Amino acid sequence: MSLTLTLEQTRTWKVTSATCSQPLPPASGHPSSQRSLGPRPLGCKPLGSSSCEQLHCDMISSKVAPRAEGQREMLSEGRLEAAPPSEAGPSWAAGPPSERLPPLGQEAPPPLRCHTDCLEAPLSRCFLRLGASVGTHPWLFLLGPALLTAALGTGLLFLPKEKENLEEQYTPIGSPAKAERRFVQSHFSTNDTYRFSASRTSSEANFASILVVSLTNSLLEPRIFTEVSKLDRAVQALKVVQENGTQILYKEVCAKYKTLCVPPNPLLHAWQHNSTLDLSNLMFPIHNLPNRLIYLAGFFGGNVLGETMGKNQRLVESRAMRLLYYLKTEDPEDSERSKAWLTHFLDHFKDMKSTLSLEQTEVVYFTSLSRQLEFEATSKTVIPLFHLAYILIILFAVVSCFRLDCVRSKMLVAVFGVFSVAMSVVSGFGLMLHIGVPFVIIVANSPFLILGVGVDDMFIMISAWQKTSLTENIRERLSNAYSKVAVSITITTVTNVLAFYTGITSSFRSVQYFCIYTGTTLLFCYFYNITCFGAIMALDGKREITCFRWLEKPDQKYASLKKSCCVPFGSAPDEHGEDKHPMNLFFRDYFGPFLTTAKAKFFVVLIYIFYIVSSIYGCFQVQEGLDLRNLASDDSYITPYFNVEEDYFSDYGPRVMVIVTESVNYWDGDVRQKLDKCMLKFEENEYVDKNLTEFWLGAYIQYMNSSGNDPNDKNTFMNNISGFLKMYPVFTFDVNISSSNEITSSRGFIQTVEVSSSSNKKRMLLQLRGIAENCEVPLMVYNQAFIYFDQYAAIIENTVRNIMVASTAMLIVSLLLIPHPVCSLWVTFAIASVIVGVTGFMAFWNVNLDSISMINLVICIGFSFDFSAHISYAFVSSTETSVNKKSIEALYMLGYPVLQSAISTIIGVCVLSAAKAYIFRTFFKIMFLVMFFGAAHGLVFIPVFLTFF
């Protein structure tokens, strides 16, 4: 977003970063021997030829107050032209004698030098020369970027075809859970072809899940079990016919326990083998069958429990049932066959469901492939929105650049300006793909943002061009226009690019890649604006001259030319470049005076108090982490699945491994006591069900005692483990015994509860890790879900760090290019206020704090800087006598550019509000909040608050 610091509506001296008037070497071919760059800033210390000669240097303004536009100096062709004596007025004599300009006709003292223009002055000189070069050779600067775009655009051929790894992109880099998983994989083995156990797997297995919801109060009835059993048989009967004619049957790819497929639901399996099973006399969470125990927690939801019997309660009613079809995963070939069966399941489930005509139940489904497949499908929904976004921006640009002055109207130039932005997207993306930066789905948001931000510099450059005189040649006009916008478009580009590049420090790869793509594309946008778009303006300048000459001396031979360049009006332009936009007059004559009244200030303060209080409250309500259902589109089949799971199966969370990571003396009573103490602390935790703990050591001690063996003797302890594991094979993969007959590691299990919300997941994770860390025995906790839970612990830390780094970068830039302490103070205030507001109102708009929204919070730092820095500096640079007039003048100069920038960015991203996917709508929501609150600070809050000091 680029905001000009010039008084766009009058020909005045440019007020940008703090500069003092000083002579500069003339541009090549320039008639003037020296060019004044602007007024000295407040607090500027002047220097003589080599050192300071005074202690103080007050700013002498060469701006004209809006109320005295007729009394002004004109900068034309690099020369300072004084108004005729008859037009001179007393306004120039305002202020103390040291601030007055010398009377006309007298020689002015030599300009004082200062060091605060060390960046602005060279930058303006560079742009002065660049503008002259572009004006002299426009076709070179037009075709060069076009050829560069064509070359870099070949990188789009490398857009990834393979699937995006969601875990890699949307979970923290180097998270503790990933290290824990590597430990589990290296110390514990599994066997999904003979002894499968879902809680013992280190990574997500291939599976299909069906949630069955009864249309009555309870599904614990034979007739409903009959219907569910019919559904189960239909699923297991699915078979895939491959191209070579071979078939893939469920029984071939299912995960097995001994020789049978793991049952999808233990109670349903027991009922299928014994239909006389009394469904009204079940215990929960563990039911005791005549020959074995079955674990019901997680398989039944929406439960109504009755009287307690031991560690269990009677299951009175149950509204929902889960069917889990685990498939082979460990062997790569088996895994591919399992995925083929799952794909067939997804393709035919709806038809199968309609064929069964289920009357007693509703069913929803999900597979281990669903998240990835639906995420990929989501990316395709946003492609049609690109065209709409570009059409809207072109319309906005055309309307913004339309003038009744047929020569000055820049409608076609605006259209080419939008194409220049599109070229930057192609070049930036192509370059990143050429050098191998991964393209992730959220990068698809970037073109919408670039589109909105990129056209802002175009508007500024057109505005500066409109202030030049038609009597000058193209080279001089473009040179003058470039020198006026040099600092304005550079400072906003630098701040926005820095804001994005600070995102590279994020722990989320998706954020890193988005920021790299967007920051690089913004640099191309800046480069193409000062080359390609400048060339377009130079070529259009030739059209202006031709049309202007025709209007001065009409010739019937050029009637067709008039139609092409002077449509729709034939009004003659002002050759000296007057171009007062009605919106600037609105801010000067209506909005500014209204805003500075006592009543308006009172209401603004009340509104701000309400805003900041609401925002702070909202900050404490924000949910953390990326909800996996949000990776799919709204009409995806996985959305109702997650809704049902949240409604009925949220009581029980993941089953967590408690791992003894080192070799300890299990036969030592003191060691076992320490372990028991740690396990007791786990069971006492609010997120753990103490009745569902499973640990091989306790069962082994009972086994030893019942067989009359001494568990405190090392040899006896170690020699009896093999017999114990044969009797209790479920613990086979829980004890890791080395070749030297030493237990190098072992594990038990605890059951988590009440962790459906992101805040509870985070607290549970941190508390369990804290207990493990403080235990006297080396312990570790792990579940495959912790890979995603880690984002809850990392997201706030990452957000705060990125915001701090980006804010620091913004302040350094502001001090270098706008070296005024008051400006820095208000920049800091605005950045903090906008970030708090956006974060707080995220909660009211149902947006989580996740890797996607974190990107936008970093973005808002750059935009907050743009709005606040320019407005506050225009205020402190004003020489008006009262604070109210200073505020009005600041709004007159910058009110419309601020509004134009906000509107163009909102238009660029507004089409995302129609997207069917959360990740795209979230981008729109937060960008809307950023632009709305940023513009509110720049146009309302800061102009009012500045009048209080």
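Above this text you will find the structure in question.
This report concerns the structure included in the present document. Throughout this document, residue positions are counted from 1 along each chain, in the order its sequence is written. Restriction of local features to residues with pLDDT of at least 70 applies here, the model being predicted, together with a cutoff of 80 or more for giving and counting side-chain atom pairs; totals for whole chains, interfaces and linings are based on all residues. The basis for every side-chain value is the complete set of non-hydrogen atoms in the structure, without hydrogens or water.

The helix and strand labels rest on DSSP assignments: H or I over at least four residues marks a helix, E over at least two residues marks a strand, and numbering proceeds from the N terminus. On a plain count of helices and strands, the chain comes out with 28 helices and 18 strands. The 949 residues of the chain split such that 57% are buried. The long-range share in the chain, meaning contacts at least 24 apart out of those at least 6 apart in sequence, stands at 78%. The Shrake-Rupley method, run with a 1.4 Å probe, gives the accessible areas here. Residue values count only the displayed protein chains as cover. In the structure as shown, the chain presents an accessible area of about 39,300 Å², 59% of it carried by carbon and sulfur atoms. The buried label applies to any residue whose accessible area, calculated with a 1.4 Å probe on protein chains only, is under 20% of its type's maximum; exposed applies above 50%, and partly exposed to all values in between. Contacts were defined at the residue level, with two residues in contact if any of their heavy atoms lie within 4.5 Å.

The term salt bridge refers to a side-chain nitrogen of Lys or Arg lying within 4 Å of a carboxyl oxygen of Asp or Glu. All told, the structure shown has 21 salt bridges when counted by the stated rule. Salt-bridge contacts for Glu-544 lead to Lys-410; the nearest nitrogen and oxygen are separated by 2.0 Å. Of the two residues, Glu-544 sits in helix α14 (residues 509-552) while Lys-410 sits in the loop between α10 (383-401) and α11 (411-434), which places them 134 residues apart along the sequence. In this structure, Glu-544 and Lys-410 share a single accessibility class: buried. With a closest N to O distance of 3.8 Å, Glu-797 and Arg-801 form a salt bridge. A residue pair is termed a helical-turn pair when its members lie 3 or 4 positions apart in one helix, as Glu-797 and Arg-801 do in helix α24 (residues 786-817) at four residues.

Our focus in this paragraph is helix α9 (residues 370-381). What a helix should span is 1.5 Å times the count of its residues minus one. If you check α9, its first and last C-alpha atoms are 17 Å apart, about what 12 residues at 1.5 Å a residue would give, namely 16 Å. Along α9, the positions that sit buried rather than exposed are Ser-370, Arg-371, Gln-372, Glu-374, Phe-375 and Thr-378.

Turning next to the environment of Pro-447. Mapped onto the elements of the fold, Pro-447 is located in helix α12 (residues 446-466). Taking relative accessible area as the criterion, Pro-447 reaches 5% and is therefore assigned buried. For Pro-447 and Ala-389, which are 58 residues apart along the polypeptide, the C-alpha to C-alpha distance reads 9.4 Å. What Pro-447 contacts, discounting residues up to four positions off in sequence, is Phe-386, Val-425 and Phe-429.

Surface patches are drawn from residues lacking salt bridges whose relative accessible area is over 30%; two like charges belong together within 9 Å, two nonpolar side chains (Val, Leu, Ile, Met, Phe, Trp, Tyr) within 5 Å. Taken together, the side chains of Phe-602, Phe-603, Leu-606, Ile-607, Ile-609 and Val-613 present a nonpolar region at the surface, about 600 Å² in accessible area. The residue Phe-603 is located in helix α17 (residues 598-619) in this model. Phe-603 sits in the exposed class, given a relative accessible area of 51%.

So, about the packing of α12 against helix α27 (residues 883-910). Angles shown run from 0 to 180 degrees and are taken between the N-to-C directions of axes, each axis being a line fitted to C-alpha atoms and, for helices, limited to the stretch in contact. Between α12 and α27, the shortest axis-to-axis distance is 7 Å and the interhelical angle comes to 150°. The angle between α12 and α27 places the two elements in the roughly antiparallel class. Seen from above, α12 lies across α27 with right-handed handedness. From α12, Phe-448, Leu-449, Gly-452, Val-453, Val-455, Asp-456 and Phe-459 reach across to α27, where they touch Gln-900, Ser-901, Ser-904, Thr-905, Gly-908 and Val-909. Angular relationships are summarised with four words: roughly parallel below 35 degrees, roughly antiparallel beyond 145, roughly perpendicular across 65 to 115, and oblique for the angles in between. Left-handed describes a crossing in which the near helix is turned anticlockwise from the far one by less than a right angle; the clockwise case is right-handed.

Below, the discussion takes up the state of the cysteines. Count a disulfide wherever a pair of cysteine sulfur atoms falls within 2.5 Å. Within this structure, the stated rule accounts for two disulfides. Across the disulfide from Cys-254 sits Cys-261; the S-S distance is 1.8 Å. Of note, the bridge from Cys-254 to Cys-261 carries an S-S torsion of about -65° and is left-handed in sense. Residue Cys-254 is classed as buried on the basis of its relative accessible area, which comes to 0%.

This next bit is on the pairing of strand β11 (residues 300-309). Judged from the seven bridges that link them, β11 and strand β12 (residues 312-326) form a sheet pairing that is antiparallel. Bridged to Thr-308 within β12 is Gln-313. In sequence, β11 turns back onto β12 through a hairpin of two residues, with Gly-310 there showing a positive phi of about 70°. Pairs of strands are assigned from DSSP output, requiring at least two bridges between the strands.

Relative to the helices and strands, Thr-518 resides in helix α14. Judged by relative accessible area, Thr-518 falls into the buried class, the value being 0%. Among the polar contacts listed, one links the side chain of Thr-518 to the backbone oxygen of Phe-514, at a separation of 2.8 Å. Aside from chain neighbours lying at most four places away, what touches Thr-518 is Ser-446, Leu-449, Ile-450 and Phe-500. Polar contacts, as used here, are pairs of N or O atoms within 3.5 Å; protein pairs need one atom able to donate a hydrogen and one able to accept it. Residues neighboring in sequence count only if both atoms are side-chain atoms.

In this scheme Phe, Tyr and Trp rings, the latter by its six-membered ring, pair at centre separations within 6.5 Å, and the angle between planes marks the pair as stacked below 30 degrees, edge-to-face above 60, and tilted otherwise. Applying the stated criterion across every chain, the model contains 59 aromatic pairs. When the ring of Phe-225 is compared with that of Trp-271, the centres are 5.7 Å apart and the planes differ by 70°; the resulting orientation is edge-to-face. Of this pair, Phe-225 sits in helix α5 (residues 222-236) while Trp-271 is found in helix α7 (residues 266-273), placing the two residues 46 residues apart along the sequence. Judged on exposure class, the residue Phe-225 and its partner Trp-271 are both buried. Aromatic pair Phe-429 and Tyr-517: ring centres 5.2 Å apart, planes at 75°, arrangement edge-to-face. Within this pair, whereas Phe-429 is found in helix α11, its partner Tyr-517 is found in helix α14, the two being separated by 88 residues in sequence. Taken individually, Phe-429 and Tyr-517 each receive the classification buried, so the pair is uniform in this respect. Looking at Arg-322, its charged tip hangs above the ring of Phe-649, at a distance of 4.6 Å from the centre. Consider the ring centre and the ring normal. A charge sits over the ring if Lys NZ or Arg CZ is within 6 Å of that centre and within 35 degrees of that normal.

One way to put it is that helix α16 (residues 582-595) packs onto α27 with a least axis distance of 8 Å and a crossing angle of 125°. Put simply, α16 runs oblique to α27. In the crossing of α16 with α27, the sense of the turn from one axis to the other is right-handed. Between α16, through Met-583, Asn-584, Phe-587, Arg-588, Phe-591, Gly-592, Pro-593 and Leu-595, and α27, the contact on the second element is made entirely by Ile-888, Leu-891, Tyr-892, Gly-895, Tyr-896, Pro-897 and Leu-899. Residues are sorted three ways: Asp, Glu, Lys and Arg are charged, Ala, Val, Leu, Ile, Met, Phe, Trp, Tyr, Cys and Pro are nonpolar, and all the rest, Gly among them, are polar. Classifying every residue of the contact of α16 with α27 gives 11 nonpolar, three polar and one charged.

Looking along the chain, the bond that leaves Phe-284 and enters Pro-285 is cis, with omega of 10°. In this structure, Pro-285 sits in the loop between β8 (282-284) and β9 (286-288). Phi at Asn-741 is positive, roughly 60°, even though this residue is not glycine. When you line up the elements, Asn-741 lands in the loop between β16 (735-737) and β17 (743-753). Even without being glycine, Glu-754 reaches a positive phi, approximately 55°. Mapped onto the elements, Glu-754 comes out in the loop between β17 and α23 (758-774).

Within the secondary structure, Asn-774 is located in helix α23. Of the residues examined, Asn-774 reaches a relative accessible area of 61% and is grouped as exposed. It is 8.7 Å that separates the C-alpha atoms of Asn-774 and Cys-678, two residues lying 96 residues apart in sequence. Polar side-chain contacts of Asn-774 include one of 3.0 Å to the backbone oxygen of Gly-770.

So, about helix α1 (residues 120-136). Spanning 17 residues, α1 covers 24 Å between terminal C-alpha atoms, matching the ideal 24 Å at 1.5 Å per step. Of all the residues in α1, the buried ones are Glu-120, Ala-121, Leu-123, Ser-124, Phe-127, Leu-128, Gly-131, Ala-132, Val-134 and Gly-135.

Let us now look at the environment of Phe-587. For Phe-587, the location among the structural elements is in helix α16. Owing to a relative accessible area of 3%, Phe-587 belongs among the buried residues under this scheme. When sequence neighbours within four positions are dropped, the list of residues in contact with Phe-587 reads Gly-592, Pro-593, Leu-891, Tyr-892, Gly-895, Tyr-896, Leu-899 and Leu-939.

Glancing now at the nonpolar core. Ranked by size, the top nonpolar core spans 153 residues in total, and within it Phe-514, Val-838, Ile-859, Leu-912, Ile-919 and Phe-920 carry the most contacts. Take this core: its biggest share by element is 19 residues, from α14. Once residues within four sequence positions are removed from consideration, Ile-859 is found in contact with Leu-449, Phe-500, Phe-514, Phe-923 and Met-927. Grouping buried Ala, Val, Leu, Ile, Met, Phe, Trp, Tyr and Cys residues that are joined through side-chain atoms within 4.5 Å yields what is termed a nonpolar core. Among the nonpolar cores identified, the runner-up in size contains 66 residues, and Ala-205, Ala-320, Leu-324 and Val-363 belong to it.

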